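Coordinate inspection notes
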Amino acid sequence: MRCLSGTGLTLSQTLLMPHLPLAAFLRRPLRGPRPSRSLPRPQPLSTQSEPHGSPVSRRNREAKQKRLREKQAALQAGIAQKSKAGSLTEARKAWSPKEVVLYEIPTEPGEKKDVSGPLPPAYSPRYVEAAWYQWWVREGFFKPEYQAQLPQATSETFSMCIPPPNVTGSLHLGHALTVAIQDALVRWHRMRGDRVLWVPGSDHAGIATQAVVEKQLWRERGVRRHELSREEFLRAVWQWKEAKGGEICEQLRALGSSLDWDRECFTMDAGSSEAVTEAFVRLYNLGLLYRSRQLVNWSCALRSAISDVEVESRALSGRTELQLPGCSSPVPFGLLFSVAFPVDGEPDEEVVVGTTRPETLPGDVAVAVHPADSRYAHLHGRQLCHPLTGQLLPLITDAAVQPHVGTGAVKVTPAHSPADAEMGVRHGLPPISVIAEDGTMASPCGAWLQGVQRFEAREKIVLALRDRGLFRGLREHPMVLPICSRSGDVVEHLLKSQWFVRCREMGERAAQAVASGALELHPSFHQKSWQHWFAHIGDWCVSRQLWWGHQIPAYLVIGEHSKGSGEDCWVVGRSEAEAREAAAALTGRPGAELSLERDPDVLDTWFSSALFPFSALGWPRETADLARFYPLSLLETGSDLLLFWVGRMVMLGNQLTGQLPFSKVLLHSMVRDGQGRKMSKSLGNVLDPRDITHGVELQELQAKLRAGNLDPTELAIATAAQKKDFPHGIPECGTDALRFTLCSHGVQGGDLHLSIPEVLSCRRFCNKIWNALRFILNALGENFVPQPPEELCPSSPMDAWILSCLARATGECERGFLTRELTLVTHTLHHFWLHSLCDVYLESVKPVLSRVPRPPEPPQVLFSCADVGLRLLAPLMPFLAEELWQRLPRRPGAPPAPSICVAPYPGAYSLEHWHQPELERRFSRVQEAVQTLRALRDTYQLTKARPRALLQSSEPEEQGLFQAFLEPLGTLGHCGTVGLLLPGAAAPSGWAQAPVSDSTRVYMEIQGLVDPEAQLPLLAARRHKLQKQLDGLIAQTPSEGEAETQRLQRLSSLRLELSKLEQATLHLQQLMDGSPGPGGR
């Protein structure tokens, strides 16, 4: 069986039929348009599977015949497996991969795409997305300077910055969600006429980048970092960045991100370095940045302090073995070791404490109990013997101890526990550091432990306790273990002299900004987390023991000490010369006599990221961009970055510029897979957006896993999961489909569950739009001249109805963008294009267009629907909208916009004259009648016949309503002529009937169209099948929540369908008996 090149998908592949999140709000679709047979065949096309093959017409015909054969085979296979498939088969829809059509007209990068030829017969993402982006960039459409010259230009500005992704990696679906939302908002503001700036950038990612380059140096040259000079290593990092760091930018371009690339920033470029230095110096001079010896999060594997965001809290329910860096065998955790501390002077009395970290015992300086714990009241003020050294330790009382946990007694290790450090300060206990930077035991432990790896030391300590008779047992114990997300090592808390930012005062202002409404967080439920975080914020350690990053602009004055404290003398400056002046002023000695040594550490990556909203615009220099575009109009990002990034941007932005860096924050949820699982490499469900937009074979997906850094166990699990989730790889869905699907989930509420079938459903929606435009372009012809919208006043009720729907959709889209509710925009556009335009209007207008002479209004209506509809769609589906809009005729008079991305976005006010809510309300009754007619046809299995139909209403107003829509009723209901039956008049004998409402019924002629003898057994089989389903649902044990609601809805639907079949059966039996049917009485 032939596979499409680059997809690995066979033509018999089937996937679950997806449901867009918006599908639940939409009506059951009516029939869509058929591709027009009169369209000429495209010439400048090729398919990837046959790039140099036979003529297109023959290839399309052969492909169509093959698809038909495959469809028949699939149907036969489906019938054979029906009994096994159960109710799930109702949700299945076959996916047969489409031919990949390529755009092959020679076009230089940046030249406009040639759209003079006809559209390909079906939507093909690679054809649609070719060439447009380079042309948009070259023409400058994404630059605010261009937008200022647009005819619809306003005096408003709209500015955003992209959350700078790490230069080491590639974008995942979480990034794609950010880009889809941001780009939709940016494109809407640009089309609206605002002066828009969207700044691209990437983060230097200190720890991650250094780790990648260190691995590369070892793999390719067999060299460790410390074997090179700092300058040599940094040169290697920059070389890696230039060679490998551009992947993210290519991904952003592929997603259609309308960023101003001339303003691209990198957090290690010269402008950012200047901003970082200036920020450090200013904060230091204000007393908001200081050096101190405090506990920090420390990764022994990286030999560096790390930020809180790089610490993963892993919950362990009991004994768990972990393979850690530098350890030859797995290390057990989730265990509680009980250790006895003998009471000094009392040979038979001891205090037993429980600890999960016996390796820190050498650093214990006290044992603490709760002051109200009566078990230890008689020991208050006594001393205990250290179980390893015999040194005397005080037994102290502290209210922080939880008496109901364990024995109620805890050991105090101030040098390796934040809680113990606070307790140590309260009681004046000296900290003793017993774990070194590299994870080995330090000299205070004694020669028997010094230099031993900390988890090996654990075993030696436990053996020593056993030998001394002071080990009191071991049991499983649930715990939370801090893990370094960068190295996988257990995070230690070590006392280090580092630089810290004082956060309390700045944090209070950040909290007040939200409380006062000066800073808006959306969704608003994030305000609680914001206020809690800033109410308990501590100082921020910004030192990192790396070489890649912004080297701290602080200098140690060799041989000098700070006045009064006797500690090392440090000075800060924008340059060494400035620092030397500061040192001279501080010491009273000439600067030339002083010896200065710069701090080798670099700043936390989050420090430079926190400056990004204003450093990207030129701060600290007074630039035109800073004056015009700062503060930013909006920050949009993932909710997981609210505190670590957004909070720090607000603190530093407010402090350094005197203004909030933005006044509105829009937060989206985490992207999970279709099963609700977090995206994780170890689960095999982390996807590059290009895997979805371009399609990818399973073999390639698994090759990416093997190229990663998963351990063998994780790799096996991920490989199996990937094979189960994507057995045939991932089909090509296209960028527009992915963007639209992501935006349809919006930002409100819980996590976003994204499945490939869901994106495939959106690709089918793209194909529906494609076919609609092929039909419309064919209907317009070559000499069509569009009318201005204000001159289009339709006389046909169907024309008036679709224009009213278009005007309402315009208003809803405008409201959705203004409130940033993109779900409203996607739902509105999906409903208009799929249901109002394709399923109803295009079907109803086909007979009208075939008249001779052709009425002039329908082509004008079709053009307006296409033009306005595509401009409404453009912010969400930029490639598809551009490809189709470029082929529409241009209105005479005003010069046309060169691109849809700078064309005016339709405004509700300008189309208000089309909006007729009462007409739409009345037409909904017509649609109900259409659904009833179709249901009757389905019940009697009238597949090809076009029976006559009658409508009868007891309400005169409804009679008049149906009179105006008789022709569309017949067309949409797949009937012949449709007439009206006067109130009270008897229907023709033998006609089938069904109620539309309490006041309206429809009658359908079936005599001569249905064979009762042949049809009755089929009806009986259908009734039997539905009855079995009904009995099965009734037998199910009632559940709760949404599942029970769905079960009850299904029960109601089955009962209604059974009732219809029973009525049809009775009617056919009466026809066989020759007696008058119910319509004849």
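Source: prediction; values computed, not measured.

**Concerning the overall build of the protein**
Across its full length, the protein carries 33 helices and 37 strands. Within the protein, buried positions represent 53% of all 1081 residues. Look at the contacts in the protein between residues 6 or more apart in sequence, and 77% of them connect residues 24 or more apart. For the protein, the exposed area adds up to about 47,700 Å²; of that, 51% sits on carbon and sulfur atoms.

**Section: the pattern of salt bridges**
A full pass over the atoms with the stated rule returns 53 salt bridges. Glu-505 is the salt-bridge partner of Arg-509, the closest N and O atoms lying 3.3 Å from each other. Separated by 4 residues within a single helix, Arg-509 and Glu-505 lie in helix 13 (residues 504-516), roughly one turn from each other. Classification of Arg-509 by relative accessible area gives partly exposed; the value is 30%. Arg-887 is the salt-bridge partner of Glu-883, the closest N and O atoms lying 2.7 Å from each other. Its relative accessible area of 13% is what places Arg-887 among the buried residues. Linked by salt bridges that have partners in common, Lys-143, Glu-145, Asp-260, Asp-262, Arg-263 and Asp-625 make up one network.

**Focus on the environment of Ala-415**
Checked against the element boundaries, Ala-415 lands in the loop between strand 19 (409-412) and helix 11 (418-427). Taking the C-alpha atoms as reference points, Ala-415 and Pro-430, 15 residues apart in sequence, are found 8.5 Å from one another. Those residues in contact with Ala-415 that lie beyond four places of it in its chain are Leu-295, Pro-431, Ile-432, Ser-433, His-493, Leu-494 and Leu-495.

**Overview of the sheet that holds strand 30 (residues 635-638)**
The strands making up a sheet associate through backbone hydrogen bonding, with each pair oriented either parallel or antiparallel. With parallel pairing, 3 strands are arranged side by side in an open sheet as 23-31-30. Looking at strand neighbours, the two that pair on one side only are strand 23 (520-522) and strand 30, the edges of this open sheet. Put simply, the sheet's adjacent strands are angled 20° from each other on average, direction ignored. As paired strands, strand 30 and strand 31 (residues 664-668) are joined by 4 bridges and run parallel to one another. Across the sheet, Thr-637 pairs through a bridge with Leu-667, a residue of strand 31. Its contacts with the sheet put helix 19 (residues 642-657) on strand 23, strand 30 and strand 31, and the angle it makes with strand 30 is roughly 160°.

**Topic: the confidence of the model for the protein**
Summarising the model, the protein shows a mean pLDDT of 87, and 88% of its residues fall at 70 or more. Across residues 1-61 the pLDDT falls below 50, and counting only partners more than four positions away or on other chains, this stretch makes 158 contacts in the model. Predicted confidence is poor over residues 67-94, with pLDDT under 50, and the contacts of this stretch with residues over four places away or in other chains come to 17 contacts.

**Quick notes on the pairing of strand 22 (residues 492-501)**
The buried count for strand 22 comes to 9 of 10 residues, which makes it a mostly enclosed element. Note that strand 9 (residues 289-299) and strand 22 share 10 bridges and pair antiparallel. Across the sheet, Gln-294 pairs through a bridge with Lys-496, a residue of strand 22. By the bridge criterion, 2 bridges tie strand 22 to strand 24 (residues 540-541) in an arrangement that is antiparallel. Within strand 24, the residue paired with Phe-500 across the bridge is Cys-541.

**A few points about helix 33 (residues 1041-1073)**
Given a rise of 1.5 Å per residue, 33 residues ought to cover 48 Å, and the 49 Å separating the end C-alpha atoms of helix 33 matches this to within 8%. Where helix 33 is concerned, the buried positions are Glu-1044, Arg-1047, Leu-1051, Leu-1054, Leu-1058, Leu-1061, Ala-1064, Thr-1065, His-1067, Leu-1068 and Gln-1070. Where helix 33 is buried, its residues meet helix 29 (917-939), strand 36 (992-995) and helix 32 (1012-1035).

**A look at the packing of helix 23 (residues 735-745) against helix 28 (residues 878-885)**
Close contact between helix 23 and helix 28 brings their axes to 7 Å; oriented N to C, the two are set at 125°. When the axis of helix 23 is compared with that of helix 28, the two are oblique. Of the residues in helix 28, those touching helix 23 at Thr-735, Asp-736 and Arg-739 are Pro-878, Phe-879 and Leu-880.

**Quick notes on the sheet that holds strand 19**
One open sheet accounts for 4 strands, arranged 17-18-16-19; its pairing is mixed. Single-partner strands in this sheet number two, and they are strand 17 (383-385) and strand 19. In this sheet, adjacent strand axes meet at a mean angle of 35° when their direction is disregarded. Note that strand 16 (residues 366-369) and strand 19 share 4 bridges and pair antiparallel. Looking across to strand 19, one finds that Ala-366 is bridged to Val-412.

**A short note on the packing of aromatic side chains**
The geometry of two aromatic rings is summed up by the distance between their centres and the angle between their planes. Applying the stated criterion to the full structure yields 31 aromatic pairs. For the ring pair Tyr-103 and Tyr-127, a centre distance of 5.9 Å and an interplane angle of 75° mean the geometry is edge-to-face. Residue Tyr-103 is located in strand 4 (residues 101-103), and its partner Tyr-127 is located in helix 3 (residues 125-129); the two are separated by 24 residues in the primary sequence. Residue Tyr-127 is classed as buried on the basis of its relative accessible area of 2%. Judged by centre distance (5.8 Å) and plane angle (65°), the rings of Phe-233 and Trp-547 are edge-to-face.

**Focus: the nonpolar core**
Counting 159 residues, the largest nonpolar core has Ile-769, Ile-802, Trp-833, Tyr-841 and Leu-969 as its most contacted members. In contact with Ile-769, not counting residues within four places along its chain, are Trp-833, Leu-870, Leu-873, Met-877, Leu-880 and Leu-884. By size, the runner-up hydrophobic cluster in this structure holds 61 residues, among which are Trp-530, Trp-533, Phe-612 and Ala-616.

**Quick notes on the environment of Ser-497**
The topology assignment puts Ser-497 in strand 22. Sequence separation of Ser-497 and Gln-294 is 203 residues, and the distance between their C-alpha atoms is 6.5 Å. With near-sequence residues (within four places) excluded, Ser-497 lies in contact with Arg-291, Ser-292 and Arg-293.

**Some words on the side chain of Arg-454**
Summarising the element assignment, Arg-454 is placed in helix 12 (residues 454-468). A distance of 3.2 Å separates the side chain of Arg-454 from the backbone oxygen of Val-490, its partner in a polar contact. With sequence-adjacent residues up to four places away left out, Arg-454 is seen in contact with Cys-300, Arg-357, Glu-359, Ile-435, Gly-439, Thr-440, Met-441, Asp-489, Val-490 and Glu-492.

**A closer look at the packing of helix 25 (residues 797-818) against helix 29**
Closest axis-to-axis distance for the helix 25/helix 29 pair is 9 Å, and the angle between their directions is 115°. In this structure, helix 25 crosses over helix 29, and the sense of that crossing is left-handed. On helix 29, the residues touching Pro-797, Met-798, Ala-800, Trp-801, Ser-804, Cys-805 and Arg-808 of helix 25 are Pro-917, Leu-919, Glu-920, Phe-923 and Gln-927.

**Examining unusual backbone geometry**
Of note, the amide linkage connecting His-522 to Pro-523 takes the cis form, showing an omega dihedral of -5°. A cis geometry characterises the amide bond from Val-852 onward to Pro-853, with omega recorded as -5°. Tracing the sequence through the fold places Pro-853 in the loop between helix 26 (822-849) and helix 27 (857-873). Phi at Ala-205 takes a positive value of approximately 50°, unusual for a residue other than glycine. Here Ala-205 lies in the loop between strand 7 (201-202) and helix 7 (206-221).

**Brief notes about the side chain of Asp-736**
You can see Asp-736 is positioned in helix 23. For Asp-736, which is buried and forms no salt bridge, the nearest opposite charge comes from Arg-739, at a distance of 5.0 Å. Once residues lying within four places of it in the same chain are set aside, the contact partners of Asp-736 are Tyr-123, Glu-129, Cys-766, Leu-876, Met-877, Pro-878, Phe-879 and Leu-880.

**What about the state of the cysteines?**
Tallied over the entire structure, the rule returns 0 disulfides. No disulfide involves Cys-805; its nearest neighbouring cysteine sulfur is the one of Cys-865, lying 8.8 Å away.

**Focus on helix 14 (residues 526-535)**
All buried positions along helix 14 are accounted for by His-526, Trp-530, Trp-533 and Phe-534. Projected down its long axis, helix 14 shows its buried positions confined to an angular sector of 90°, all on one face. Of the exposed residues in helix 14, the ones pointing more than 90 degrees away from its buried face are Lys-528 and His-532. Packing partners of the buried residues in helix 14 comprise helix 13, strand 23, helix 19 and strand 31.

**Quick look at the environment of Ser-761**
Within the secondary structure, Ser-761 is located in helix 24 (residues 756-780). By relative accessible area, which is 13% here, Ser-761 ends up buried. A C-alpha to C-alpha distance of 8.9 Å links Ser-761 and Thr-741, two positions 20 residues apart in sequence.

Cut-offs applied
Residues numbered from 1 in each chain as written. Predicted model: local features only at pLDDT ≥ 70, side-chain atom pairs only at ≥ 80, totals over all residues. Heavy atoms only, no water. Helix = DSSP H or I, 4+ residues; strand = E, 2+ residues; numbered from the N terminus. Buried < 20%, exposed > 50% of the residue type's maximum accessible area, 1.4 Å probe, protein only. Contact = heavy atoms within 4.5 Å. Areas by Shrake-Rupley, 256 points an atom, 1.4 Å probe, with all protein chains shown as cover. Salt bridge = Lys/Arg side-chain N within 4 Å of Asp/Glu carboxyl O. Pairing = 2+ DSSP bridges. Axes fitted to C-alpha atoms, helices over the stretch in contact; angles between N-to-C directions. pLDDT = per-residue confidence, 0-100. Expected span 1.5 Å × (residues − 1). Parallel < 35°, antiparallel > 145°, perpendicular 65-115°, else oblique. Phe/Tyr/Trp six-rings, centres within 6.5 Å; stacked < 30°, edge-to-face > 60°. Core = buried A, V, L, I, M, F, W, Y, C linked by side-chain atoms within 4.5 Å. Polar contact = N/O pair within 3.5 Å; in protein donor to acceptor, adjacent residues only side chain to side chain. Left-handed = near helix turned anticlockwise from the far one by under 90°. Lys, Arg positive; Asp, Glu negative; His and termini not counted. Disulfide = S-S within 2.5 Å. Arc of directions from axis to C-beta.

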